[in-house]
Amino acid sequence: MTIDFTKLHHNFETSLTSKMLPTIWCSGCSLGSNLQSIIRGAKQAGYDFDHDIVMISGIGCTGRASGYVNIDGFHTTHGRALPFATGVKNGNPDLEVIVFSGDGDLFAIGGNHFIHTARRGTDMTVICNNNSTYGLTGGQASATSFEDTVTPTTIGKNDKPFNLVDLALGAGATFVARYTTAQYNTLPRVIAQAMRHDGFAFIDLVSGCPAIYGKRNGYPTGEYMIKNFKEASVEIDTSDPSYLLSENTAIEFDRKVGYTKIPIGIFRSSTMEGKF
Amino acid sequence: MSELNNQNEEVISNERFDTYPASKRKDRLFVIDRMRCKGCSICVSVCPYDALFMSKKKSTNGFIYPIENGACKACKKCLYACPDFALSIHKVEEVNK
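Residues numbered from 1 in each chain as written. Chains lettered and ligands numbered in written order. Predicted model: local features only at pLDDT ≥ 70, side-chain atom pairs only at ≥ 80, totals over all residues. Heavy atoms only, no water.

Visitor: I'd love a proper account of the overall build of chain A, names of residues and values included.
Guide: Secondary structure summary: chain A contains 10 helices and 11 strands in total. Rg of the C-alpha trace for chain A: 18 Å, near the compact-globule value of 19 Å for 276 residues, within the 12% margin. Principal-axis analysis of the C-alpha atoms gives chain A an extent of 55 × 50 × 40 Å. Split into buried and exposed, the 276 residues of chain A put 56% on the buried side. Long-range pairs, those at least 24 residues apart, make up 69% of the contacts in chain A with a sequence separation of at least 6. Total accessible area computed for chain A in this model is approximately 11,200 Å², and 51% of it derives from carbon and sulfur atoms. (Helix = DSSP H or I, 4+ residues; strand = E, 2+ residues; numbered from the N terminus. Rg over C-alpha atoms; globule rule 2.2 N^0.38 Å. Buried < 20%, exposed > 50% of the residue type's maximum accessible area, 1.4 Å probe, protein only. Contact = heavy atoms within 4.5 Å. Areas by Shrake-Rupley, 256 points an atom, 1.4 Å probe, with all protein chains shown as cover.)

Visitor: I'd like a rundown of a nonpolar patch on the surface, residues and numbers included.
Guide: Together, I24, I59 and L136 of chain A line one region of the surface with nonpolar side chains, adding up to about 250 Å² of accessible area. For I24 of chain A, a relative accessible area of 46% gives the class partly exposed. (Patch = residues over 30% accessible without salt bridge, like charges linked within 9 Å, V, L, I, M, F, W, Y side chains within 5 Å. Salt bridge = Lys/Arg side-chain N within 4 Å of Asp/Glu carboxyl O.)

Visitor: Tell me about the sheet that holds strand β1 (residues 12–13) of chain B, and please be specific about residues and values.
Guide: Pairing between the strands of a sheet is mediated by backbone hydrogen bonds and can be parallel or antiparallel. All names here are of chain B. Strands sit in the order β1-β2-β3-β6 across an open sheet of four strands; the sheet is antiparallel. The two strands at the open ends of the sheet, each matched to only one other strand, are β1 and β6 (87–91). Summarising the sheet, strand β2 (residues 17–22) and strand β3 (residues 28–33) pair through six bridges and their orientation is antiparallel. Its bridge partner lying in β3, P21 is registered against L29. (Pairing = 2+ DSSP bridges.)

Visitor: Which residues make up the pairing of strand β1 (residues 53–57) of chain A, and what are the values?
Guide: Residue and element names in this part refer to chain A. Counted residue by residue, β1 has five buried out of five residues, so it is predominantly covered. Alignment of β1 against strand β3 (residues 96–102), held across four bridges, turns out to be parallel. Following the sheet pairing, M55 is matched in β3 by I98. Taken together, the three bridges between β1 and strand β2 (residues 73–75) define a ladder with parallel strand orientation. Following the sheet pairing, S57 is matched in β2 by H75.

Visitor: Lay out helix α7 (residues 186–196) of chain A with the relevant residues and their values.
Guide: If you check which residues of α7 of chain A are buried, you get L187, P188, V190, I191, A192, A194 and M195 of chain A. Taken together, the buried residues of α7 of chain A touch α1 (31–44), β3, β4 (124–130), β7 (175–180), β8 (200–206) and β11 (258–269) of chain A.

Visitor: Can you explain the packing of aromatic side chains? Please cite residues and give values.
Guide: Evaluation of the coordinates by the stated rule reveals 15 aromatic pairs over all chains. Judged by centre distance (5.8 Å) and plane angle (70°), the ring pair of F107 of chain A and F202 of chain A falls under edge-to-face. Taken as a pair, F107 of chain A in helix α4 (residues 103–109) and F202 of chain A in strand β8 lie far apart in primary sequence, 95 residues in all. When the ring of F229 of chain A is compared with that of Y259 of chain A, the centres are 5.2 Å apart and the planes differ by 50°; the resulting orientation is tilted. Taken together, the positions of F229 of chain A in helix α9 (residues 222–232) and Y259 of chain A in strand β11 put the pair 30 residues apart, joining distant regions of the chain. Neither residue differs from the other here; F229 of chain A and Y259 of chain A are each classed as buried. Among the aromatic residues, those joined into a ring-pair cluster are F146, Y213, Y219, F229, F253 and Y259 of chain A. One cation-aromatic arrangement involves R34 of chain B over Y65 of chain B; the distance from NZ or CZ to the ring centre is 5.7 Å. One cation-aromatic arrangement involves K73 of chain B over Y49 of chain B; the distance from NZ or CZ to the ring centre is 5.1 Å. (Phe/Tyr/Trp six-rings, centres within 6.5 Å; stacked < 30°, edge-to-face > 60°. Lys NZ or Arg CZ within 6 Å of the ring centre and 35° of its normal.)

Visitor: Give me the lowdown on the interface of chain A and chain B, citing residues and values where you can.
Guide: Counting residues at the interface gives 34 residues for chain A and 34 residues for chain B. When the two sides are added together, the surface that chain A and chain B hide from each other amounts to roughly 3,000 Å², 62% of it contributed by carbon and sulfur. Among the residues of chain A in contact with chain B, M1, F5 and L8 of chain A are the three that bury the most area, contributing 20% of the side total. At the boundary of chain A with chain B, the tally comes to one salt bridge. Between E13 of chain A and R36 of chain B there is a salt bridge, and its shortest N-O distance comes to 2.9 Å. On the surface where chain A and chain B come into contact, there are nine residue pairs in polar contact (both at pLDDT 80 or more). (Buried area = accessible area lost by both parts, 1.4 Å probe. Polar contact = N/O pair within 3.5 Å; in protein donor to acceptor, adjacent residues only side chain to side chain.)

Here it is as structure tokens:
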């Protein structure tokens, strides 16, 4: 058997910018598989990558994602991914707008924009790569760093983190889901559902930063992190109305073993009328 | 265990790719791109058939990389889990010269 080595590109190579690869992300970082899940979700939803989609990301490790994927996009200023996305959607309402950004970008400096875009119900899909730290700048504490964890900017102990699902539900998002990076089969289906949703769709994509946050706080390698996500994920029971209470949607974390409980599933899915 | 950790002898390599025939009928090709792999070994942990183990040698980029031992069924679980776009599955007739 002779093999033509020029044809051995990756299965999603046409959706990637080959000259930019390999990525700058650390070994074990879950961003690459999250990006692959988004590509698979957009393919599943049936969008044409050249004409139908635009991908917008802010600053941070996650901000690099819009450069690695072969979709038109913006790499915007810090925290302002959502105002750019609102402008794009108003300029061309036929486009499907995906915002893929980190927790520091969307919820620390861009938190104000998030609650107001959710309140207005602008038709877009926001995917937050929630790795509980500012990875690019050296692992400072972010708005979703867990209590009793250690970062270079922690004095004493960290404060209580944001519960992103609770925040999105309270701000009025009409599609709210949380999954971890380890649900490789479910996640593309949920992303496709969020893209087809007419209104503000938010996915809290729990992913880890093993090289910077994890090595100080209980999940030192990517291999351990994936096992940890699979063990800690608990599917929510939507038949019981108490699943929306904030103590049932909160992520639990222990500094010695990593994640101990991650409630996953689709928390809200309804259509909004009269918006865009 | 030492028998399981032997590299599949049907490997065909060049300076960038390792290719292994996979699946029951050997009509799929499991490809490892050593230039992109960063040695995180997530593929080893997600493989349901224990078909992968990590090399002792390092690639030209300075990372260890996965090696297949002949048990691969081309289920694509590692392909979806790989964060570095380094693994792929092809049909043999599509890449044959």
